[in-house]
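Reading the structure
This is what each chain is made of:
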Amino acid sequence: MIDWSWQRAQDSLPVLWDGFQITLLATFIGFLIAAVLGLLIAIIRRSAPRWLALPVQAAAEFVRLTPIVVQLLFVYALAPQFTALTIGVTVLGVHYSSYMAEVYRAGIEEVPQGQWEAAHALSLPPRRIWWAVILPQVMRNSLPALGNNAVSMFKDTPYLFTITVVELVTAAQTYGAAHFAYLEAFTLAGAFFLVASYPTSVLIRLLEKRLVY
């Protein structure tokens, strides 16, 4: 028989809410880091000299192909002068920047070659070509995939427990251990994730259909 208590569930909500705010903060800042750094990586790989583009590509591949838990623990041990949350959001951002770089790269490749040729024919400087001609099209092509990456990052925030960040799942674990209410705490933690991620996924699908059609 399931021993569910609405009272224990209600009592756990303040603790879970505090953890949820940390989860949202880590996702938001991590996404900003990933979006900016990923775009920079994609531009370097597309336009920079080989002596710069190749090492950047190799570094991005290394980050993308190694587990995020290992990266978190490595940086946490290497940089103890920083707070766990600072390390967590930074590692999340850098890790996901390697994925977003691929999204941007695909968006850049979807820009018709004629757009590049027309911009060069007008003798536009490289910076203006990127900002006025290429990037607006890249962002339009990439928005749905970037949104999916944001949702994935949101669901990966529980990995921050490895470096003592008290995000949503860790808050549920802590409350459950203290009050013997694991069922209520983890059920509500899952509900928090569902309520936050499902509407976002629906909006991303609607945006994708709007951009495609």
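All of these numbers come straight from a predicted model, not from anything done at the bench.

Quick notes on the nonpolar core
Residues Leu 92, Tyr 104, Trp 116 and Ile 134 are the most contacted members of the largest nonpolar core, which totals 31 residues. When residues in this core are grouped by element, the largest group, 10 residues, is from helix H4 (residues 84-110). Not counting chain neighbours up to four residues away, the residues in contact with Ile 134 comprise Val 111, Trp 116 and Ile 129. Judged by nonpolar contacts, the second largest core, of 13 residues, contains Ala 172, Tyr 175, Ala 189 and Phe 193.

Side note on the confidence of the model for the protein chain
Close inspection of predicted coordinates is inappropriate for parts of the model with low pLDDT. On average, residues of the protein chain score 91 in pLDDT, and 98% of them reach the 70 mark or higher. Within the protein chain, helix H3 (residues 68-78) carries the highest mean pLDDT (96), whereas helix H5 (residues 113-121) carries the lowest (82).

Focus: helix H7 (residues 168-179)
With 12 residues, H7 extends 16 Å from end C-alpha to end C-alpha; this agrees with the ideal 16 Å at 1.5 Å per step. Where H7 is concerned, the buried positions are Leu 168, Thr 170, Ala 171, Ala 172, Tyr 175 and Gly 176. Phe 180, located one to two residues past H7, shows a positive phi value of around 55 degrees.

Some points on the side chain of Gln 71
Position of Gln 71 relative to the elements: it lies in helix H3. With relative accessibility at 13%, the residue Gln 71 sits in the buried group. A distance of 2.8 Å separates a polar side-chain atom of Gln 71 from the backbone oxygen of Val 63. With residues near it in sequence (within four places) discarded, Gln 71 still touches Val 63, Thr 66, Val 91 and His 95.

Notes on the pattern of salt bridges
In the structure shown here, the tally under the stated rule is 6 salt bridges. A salt bridge links Arg 8 to Glu 184; its shortest N-O distance comes to 2.8 Å. Residue Arg 8 is found in helix H1 (residues 6-47), and its partner Glu 184 is found in helix H8 (residues 182-212); the two are separated by 176 residues along the sequence. The exposure class of Glu 184 is buried, given its relative accessible area of 1%. The structure contains a network of salt bridges with shared partners spanning Arg 45, Glu 102, Arg 105 and Glu 109.

Conventions and cut-offs
- Residues numbered from 1 in each chain as written.
- Predicted model: local features only at pLDDT ≥ 70, side-chain atom pairs only at ≥ 80, totals over all residues.
- Heavy atoms only, no water.
- Core = buried A, V, L, I, M, F, W, Y, C linked by side-chain atoms within 4.5 Å.
- Buried < 20%, exposed > 50% of the residue type's maximum accessible area, 1.4 Å probe, protein only.
- Helix = DSSP H or I, 4+ residues; strand = E, 2+ residues; numbered from the N terminus.
- Contact = heavy atoms within 4.5 Å.
- pLDDT = per-residue confidence, 0-100.
- Expected span 1.5 Å × (residues − 1).
- Polar contact = N/O pair within 3.5 Å; in protein donor to acceptor, adjacent residues only side chain to side chain.
- Salt bridge = Lys/Arg side-chain N within 4 Å of Asp/Glu carboxyl O.

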